[in-house]
Structures are given as structure tokens and as C-alpha cells.
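# Close look at the chain arrangement
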Protein chains: 2
Amino acid sequence: MTPGRKTPSKSKAAAAPSLADVARLANVSISTASRIVNGELGRASAETVARVRRAIEEVRYHPNHIGRSLRRRESRIVAMLIANLDNPAMAAIMASTEAALRADGYVMFLCDTHDRADLQDEYLYAMRSQGVEGYVMVTSVPSPGLKEFVEDGVPMVFVSRRNPCGPGAFVGIDNVAAGADAADHFWFQGITELAVLYPEPNSSATQERVSGFCRRLETRGVPPERIIHAAAPGLFHMQVGYDAAQGLAARTRWPRGILCVSDQIAYGAYRFTQECKIPVPAACALVSIDGSPLNAWLAPWLTSVFVPYGDFGRQIVELLISIWGDDAPSDRILPHRIESSGGPGIPSRVQEPDGA
Amino acid sequence: MTPGRKTPSKSKAAAAPSLADVARLANVSISTASRIVNGELGRASAETVARVRRAIEEVRYHPNHIGRSLRRRESRIVAMLIANLDNPAMAAIMASTEAALRADGYVMFLCDTHDRADLQDEYLYAMRSQGVEGYVMVTSVPSPGLKEFVEDGVPMVFVSRRNPCGPGAFVGIDNVAAGADAADHFWFQGITELAVLYPEPNSSATQERVSGFCRRLETRGVPPERIIHAAAPGLFHMQVGYDAAQGLAARTRWPRGILCVSDQIAYGAYRFTQECKIPVPAACALVSIDGSPLNAWLAPWLTSVFVPYGDFGRQIVELLISIWGDDAPSDRILPHRIESSGGPGIPSRVQEPDGA
DNA sequence: CTGAAAGCGCTTACAG
DNA sequence: CTGAAAGCGCTTACAG
């Protein structure tokens, strides 16, 4: 399957120099060399330090983390398990987490679970074998392995979607409030013929968004049965949005406003409205949750709840560190805000009259 | 900086069982246990094998790859260094590479270099310390570390953009041909007032696309000086496209057709055309290179050269394996094709008359 | 100020 | 069929 793996080293590549090579060249013990490599300078004469440093330069020594990890029993590696790389929101979470980890001297394994329980478990076990010290679970799914890790108290942070197998540290927005804000956005514009579009099966995030939306509308006097629910299965949210919109059209009169639980679902629904010649937002206002930067460029017709994915990374890493420190982990709920993309010539703020 | 790292293990988490634990429980030597863990069953009695397996189950043993890596001097880890995670094309390359690696039993470190030479080097050294066996360089930049790695014969594959520091195995499309196809697309529609938009500084890919475009037009009889070049600096291609389009408008008459070297540049240029009330594609046809799936949903006005990023991963991994096997690495050039996104009601194929 | 020694978890000739 | 031993590269008490 992997022919030629027998000779993994290019003939050119000499074996990497080890601490022993440095020590030999500098005429010191490996212990001393190790201390100097690790910046413990107080315990060696200036002359020795200089000699060792020269040797390090000369052989171009770089520490081998595998040896260090084995001995110290720590790897400084974190794994991110993520459901769907080609969703821009996921990419933003990935990028910010990667940057925050690097700033703290960690490196990141990336695992694409495709929202599949079997793959998720395969990765969890593979990562454990690699000595990973913490797990960032972005939109995880229930699985036996996850349950086992959670029960074993393995350090984990759940992002966007809560732990589907029990309690767990969480980073995300207040999804109930986000749904409620979307509801108010419609309400203040006098739009009360409403629908909501979401993927199936439901994650905690979806459920919270939808229920926050419906409960707020109920508070405003819009009875829940007036709000049409349309769901469609699938991982590819644009298709989900298209399919759900189509299902909606088949069942009922077209609404004046639609909440889509993600930007991509809104993109899919939009395409359907265009095929049906429904003017957006004039005849039907579309609101979604994500706030992708893309919206300003390609979707000026969309109003979206901005989720600060770029700030997630810092929070995720802080939370992980507090878990390692055996602190009681407290969820990190980040602020969201609703905003129009403001395309060419479109005023960009939502005006919120005070009071109902 | 990382408070509490002194106690990295949750009190709950018992030390992971080692091969020694298995051996003790099964009453065999560590050697024997190791062989059985590694599937070398021919050398132990069936009874011993069963006993060891029971012990493995009982202590819930999982092999520690750090120990294995140290001893075998191989890690089965590959690193991907990539310039810009929030570009959908990059995400597609990432996803397909990750999947191909997993299929072959490798895991992947992800490093976001932000197109910065210093970060690229920081990562290269960090990855080497982690014992990484191969490097996937997506849109790399020139840097001293890269030069050093290339000279040392470290296994590397360059993706999309060629090695900026000398020769190197490459996976991508034929960028010259892609540019030429875009030229023909305009030519066959009778559009010869043309401009080309690209980011600065120029990568090999950009240069090849632009020169393929211009050379083909020259062949067709359109003199090079008739083609307006507009570039803008930056990493964020949508802004680059907008800025370049703005610069174009400031300098000259608006063209009838524009080649944008990436989809995102086209999105940016599109926004500018909308602000200027220029009908697209009626008054100005936009062609780009990438072929993002998003186009069909949000950019029906765009014609794009489809690049099979989803197939890159397999090719990358095969190429890496051939390099490990000391085979002479041959570049992998994948097929592209030009296509309209085909939005609602728009016919989706480009008709290509035969002959000029 | 410095070094010898043990050991992290594993694999692998080698001997029996 | 099985095991004792060496060693991958490193760190860390401990002794001097």
C-alpha cells in the first residue's frame, strides 16, 4: 500500500543531531547540554554555556520533541475535531483556535469527522495514541468513544454545539438570545408571517436558536402555531436551505420573513426565492445566524446575527488551560449582534425602536 | 502564563496502561505483548495470544505512539502549512488532504502561516521537532527555513503555488492553460476589451494564469497592450478585487470583460460593479479561476474555471509517498474546466465553436 | 558547577 | 514459542 516506506529517509538526509552529539562536541555531559538547551543557565559557568551554544550552532541541533514528550509526559499538542471543513464559520473557528494555540506554544492536529460517530471515535483514539493533551470538539456528535473520554475526565472543550453526551465546557454564543434577537428584528419591522429553516437532525445550537425565536415571538403575541417550521436533512447547508425552502413552498403560503439558522441555509433558501421570482428582502426578509464576511460582498439582501468566531480561539484555549489547571471550567458565552450586510447603497444598521 | 500547568493530569485520570501492565497481567514478557499488539501472531501460541488479548481488553490498553515513534524513528505525521484558512479553496484542499492522509493511516498538523515568512519558518522548525515526516506546503512564501529544508532534501509537496525557493514536487492545475481557456472564453463571445485583476505580490500561479491569458489573446490577434492590468496588495482577496477594480476605473475606460485570478477577487470586483451600476454579465463579463461551489448559489453571474481541489488531497499524498520511496517525484497536474455557475434560469454551458 | 544513572513506552535483533 | 537486553532522545532527581 505504501511502497518504499522501508527506506523512509532520503539518502541525503543525515540523521538529525541529538543532544549526545552536542554534548560530545562541547565536551560536557548530556545533562549539562540539556539544561542549557532548556535555558537553565544559572547552573553552568558562562564559559560552558558559550561552548555548548557554539556546539548547538555547529551541528545545527534542534530538540526532538518526541524524546522530550516521552520523558516529560506532556506533548503540548491539542486536537481539533471538526465536522465540516468547508463551512466558512468552521474555518473561522479553526483559524482563530490555531492562532491562539500557537501563541501559547501548542500545535494542533486537525481531524475532519464529517459529522460521523465512527470517524469521530477513530480520531479520538488515534489522538489519544499521539499523546494529545486536550480536545477541541467543534460540533461533535454522540459516540461511544466521546462518552468514554468524557467519563474519563479527558480535557475537552465543546464549541458551538454542546456536549451531546453529558455536561462539558462550552464556548459559543447565547443561542436562545440570538434566536430572540432575530424574532425582534422581524417584529420591529412589523413582519409576523414567519417561517424558520433548519437542518435535521437537530443540534443543541439549532434547538436553542429555534426555541429562542419562537418563545420571543410568543411573548410579542405571535402564537407558536403561526410560525412555520421547515427542516431538511444533510450536511451541506446550502442544499439544506434550498430543500427546506422547497418543502415550505409545497406546504403552505410563502411567509414574509424567514429565519435561517445558518448563513449557508440562507444562501440555499435565497436561490430558491430567486427561482420563484420572490423579491428578497422586499417580499420576504431573510435573517440568518453566523454573520460571515462574505455576506457584505455577495449577500447584501441578508441580515445576519454576527457570531464572533474570530474570538472563539482565545476563549477555547483559555478554557482548556483552566481545565488543565483543575479549575472548575465555566462556559464562555460570547456576544453576538444582529446586522444587515449592507450591500451597495443599502443602509447598514437595523433601527431598534425602544419598547414594544 | 499557563497557570496550573504543574498539575497537568486531572485527578480522575489514572496513568494510561502501558505494555508492561498488559504483560504483567498476561504473564508474558513485554516483547511478546508487543508482538501481539502489532499483529505478529505467528510467533506465539494461540493460548498466549488469547491471554494477552484478554489483558489488553481488561486494562483497556492503547498503544502509545510517542514511545513507538521514538523507537521506530517514524511518526506517521504530516504537516500542512497553509497561507489562509478562510479561503474556501484552501479549505477544500485541506479537507481532501486530511481525508487522504487518514485513509493511509497518517495524521495531520495544521499550521496557518498567514503568508508570512517568519511564521512559516517558526512552523517548519516546530514541525521538525515534532518528528513530522512530510510537509504539504500550500501557497508557501520564500523564507530561509524553507530554503534550508529544501536543500536538506526534506520531503515536501508544493500545492497551487510552486516552490518559491527552487525546484520541488508540485500538485496543481496547468495555470497557463487555465488562463488561456479564460482568454478563449472571451474571444469566442467576441469580447476583446479586456482587463485582468490580480493580487500583489505575484505568486507563480498568478503569473502563469495572467501570462497564459495574455499569450493566448495575442495568438488570437489581440495585442498585449490592449489588455489592462490592475493589481492590488493584500491577503484578503475580496478586498483585493474591490481595490483593483476601483484602480481600474480610475485609470481607464471600463472593459467588457475581466479575468479575475481567483473567485474571491471576482466577488470583490462584482461589488464594485454593483456600486457603479454596471450590469454583470451583460455590460461586463466576469471570469475567474477556482470554481467554488458557492458560485452556483450566490454568484450566478460568474463564469469560473473549475479547479478540482477535492482531488488534490489524493494526489498530494501519493506524491509524498513516492518521495518517501525515493522515486523521482513527478508533478501532478490536474484537469480544470471552464464553466458558468448557471444560476436560476441561466444556461450553464459555454459553447465552444471549433477553430478560431 | 557538573555528571552518572534511571527511566518515559516502545521495538527489535538475538539467544535460547 | 518466548524473553532479556539494548536503545530511540530526552529530563531530572541525586550525588559530588
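Within chain A, the regular secondary structure consists of 13 helices and 12 strands. Taken over C-alpha atoms, the radius of gyration comes to 26 Å for chain A, far larger than the 21 Å a tight globule of 356 residues would show. Burial status across chain A gives 54% buried among its 356 residues. Taking the contacts inside chain A whose residues are at least 6 apart along the sequence as the reference set, 66% of them involve residues at least 24 apart. As presented, chain A carries roughly 15000 Å² of accessible surface, and 52% of it is formed by carbon and sulfur atoms. Between the averaged position of the 36 positive side-chain charges in chain A and that of its 38 negative side-chain charges there is a distance of 8 Å.

Our next topic: the protein's contact with DNA strand D. Every one of the 29 residues lining DNA strand D counts as a neighbour, but A:Leu19, A:Tyr61, A:Arg71, B:Arg35 and B:Arg73 are closest to it. In this structure, a phosphate oxygen belonging to DNA strand D sits 3.2 Å away from a side-chain N or O atom of A:Asn38. In this structure, B:Arg43 approaches DNA strand D through a side-chain N or O atom, which is 2.8 Å from a base oxygen. Among the secondary structure elements, those contributing two or more residues to the surface near DNA strand D are helix H2 (30-37) and helix H4 (65-72) of chain A together with helix H2 (30-37) and helix H4 (65-72) of chain B. By residue class, the composition of the surface near DNA strand D is 8 nonpolar, 12 polar and 9 charged.

All names here are of chain B. As a packed pair, helix H1 (residues 19-26) and helix H3 (residues 46-59) sit with axes 8 Å apart at the nearest point and diverge in direction by 125 degrees. When the axes of H1 and H3 are compared, the pair comes out oblique. Where H1 crosses over H3, the handedness of that crossing is right-handed. Where H1 approaches H3, its residues Val22, Leu25 and Ala26 are matched on the opposing element by Arg51, Val52, Ala55, Ile56, Glu58 and Val59.

Our focus in this paragraph is the domain arrangement of chain A. Many descriptions give the size of an interface as the accessible area lost when the pieces come together. Along its sequence, chain A is carved into domain 1 (19-63), domain 2 (74-174 + 310-336) and domain 3 (175-307). Taken over C-alpha atoms, the centre of domain 1 of chain A sits 63 Å from the centre of domain 3 of chain A.

Glancing now at the relation of the copies chain A and chain B. Its rotation angle being 180 degrees, the transformation that places chain A on chain B also includes 0.0 Å of axial translation and leaves an RMSD of 0.1 Å. The two molecules are tied by a two-fold rotation axis, judged by turn and shift. Of every C-alpha in chain A, the one belonging to A:Phe109 sits nearest the axis of rotation, 2.2 Å from it. Comparing contact sets, 100% of the residues at the interface of chain A also lie at the interface in chain B, consistent with an isologous, same-surface contact.

Take the interface of chain A and chain B next. Of the residues lining the interface, 76 residues belong to chain A; the matching set on chain B comes to 76 residues. Between chain A and chain B, a total of about 6900 Å² is buried, with carbon and sulfur atoms accounting for 61% of that surface. Inspection of the region where chain A meets chain B yields 6 salt bridges. Its salt-bridge partner being A:Arg102, residue B:Glu122 comes within 3.8 Å of it at the nearest N-O pair. Across the chain A-chain B interface, the total number found is 20 residue pairs in polar contact (both at pLDDT 80 or more). Along the lines of polarity and charge, the residues of the side of chain A that touches chain B split into 36 nonpolar, 20 polar and 20 charged.

Attention now moves to the sheet that holds strand S12 (residues 337-340) of chain B. Residues and elements named next belong to chain B. As summarised here, the arrangement of the 6 strands in space is S7-S6-S8-S9-S10-S12, forming an open sheet in which the pairing is mixed. In the strand order of this sheet, the two ends are held by strand S7 (228-233) and S12, each with one partner. Adjacent strand axes in the sheet meet at a mean angle of 20 degrees when their direction is disregarded. Relative to S7, strand S6 (residues 194-200) runs parallel, the two sharing 6 bridges. Across the sheet, the residue bridging to Leu197 is Ala230, located in S7.

Let's shift gears to the nonpolar core. Formed by 167 residues in total, the largest nonpolar core has its most connected members in A:Phe213 and B:Phe213. The next biggest cluster of nonpolar side chains, apart from the first, holds 34 residues, and it includes A:Ala79, A:Leu124, B:Met156 and B:Cys165.

What counts and what doesn't
- All residue numbers here refer to positions counted from 1 along the written sequence of the relevant chain.
- Each chain gets a letter, beginning with A, and each ligand a number, beginning with 1, in the order they are written.
- The predicted nature of this model means local features are confined to residues of pLDDT at least 70 and side-chain atom pairs, given and counted, to a pLDDT of 80 or more, with totals for whole chains, interfaces and linings taken over all residues.
- For the side-chain quantities, the full set of heavy atoms in the structure was used; hydrogens and water were omitted.
- Counting from the N terminus, the helices are DSSP H or I runs at least four residues long and the strands are E runs at least two residues long.
- Note on method: radius of gyration uses C-alpha positions; expected globular size equals 2.2 Å times residues raised to 0.38.
- We call a residue buried when its accessible area falls under 20% of the maximum for its residue type, exposed when it is over 50%, and partly exposed in between, using a 1.4 Å probe and counting protein chains only.
- Contact between two residues is taken to exist if any of their heavy atoms lie within 4.5 Å; hydrogens are not considered.
- Only the protein chains shown count as covering a residue, and every accessible area follows the Shrake-Rupley method with a 1.4 Å probe.
- Charged residues are defined narrowly, with Lys and Arg counted positive, Asp and Glu counted negative, and His plus the chain ends left uncounted.
- Here the site of a charge means NZ on Lys, CZ on Arg, CG on Asp, or CD on Glu.
- By convention in these notes, a residue is near a molecule or strand provided one of its non-hydrogen atoms lies within 4 Å of it.
- Polar contact is the term for a pair of N or O atoms within 3.5 Å; when the atoms are in protein, one must be able to donate a hydrogen and the other to accept it, and sequence-neighboring residues count only if both atoms are side-chain atoms.
- Any residue outside Ala, Val, Leu, Ile, Met, Phe, Trp, Tyr, Cys, Pro, Asp, Glu, Lys and Arg is labelled polar, Gly included; the first ten of those are nonpolar and the last four are charged.
- Axis definition: a line fitted to C-alpha atoms, over the contacting stretch in the case of helices. Angles run 0 to 180 degrees between N-to-C directions.
- In this scheme, roughly parallel covers angles under 35 degrees and roughly antiparallel covers those over 145, while 65 to 115 is roughly perpendicular and the rest are oblique.
- Each crossing is labelled by how the near helix is turned from the far one, with a counterclockwise turn of less than a right angle marking it left-handed and a clockwise turn marking it right-handed.
- In this entry, domain limits derive from an automatic or database-based domain assignment.
- Least squares is the method used to superpose the copies, on C-alpha atoms of residues holding a pLDDT of at least 70 in both.
- Accessible area that two parts lose when put together, evaluated with a 1.4 Å probe and summed over both, is termed the buried area.
- Any Lys or Arg side-chain nitrogen found within 4 Å of a carboxyl oxygen on Asp or Glu counts as a salt bridge.
- For two strands to pair, DSSP has to find at least two bridges joining them.
- In these notes, a set of buried Ala, Val, Leu, Ile, Met, Phe, Trp, Tyr and Cys residues joined through side-chain atoms within 4.5 Å is what counts as a nonpolar core.

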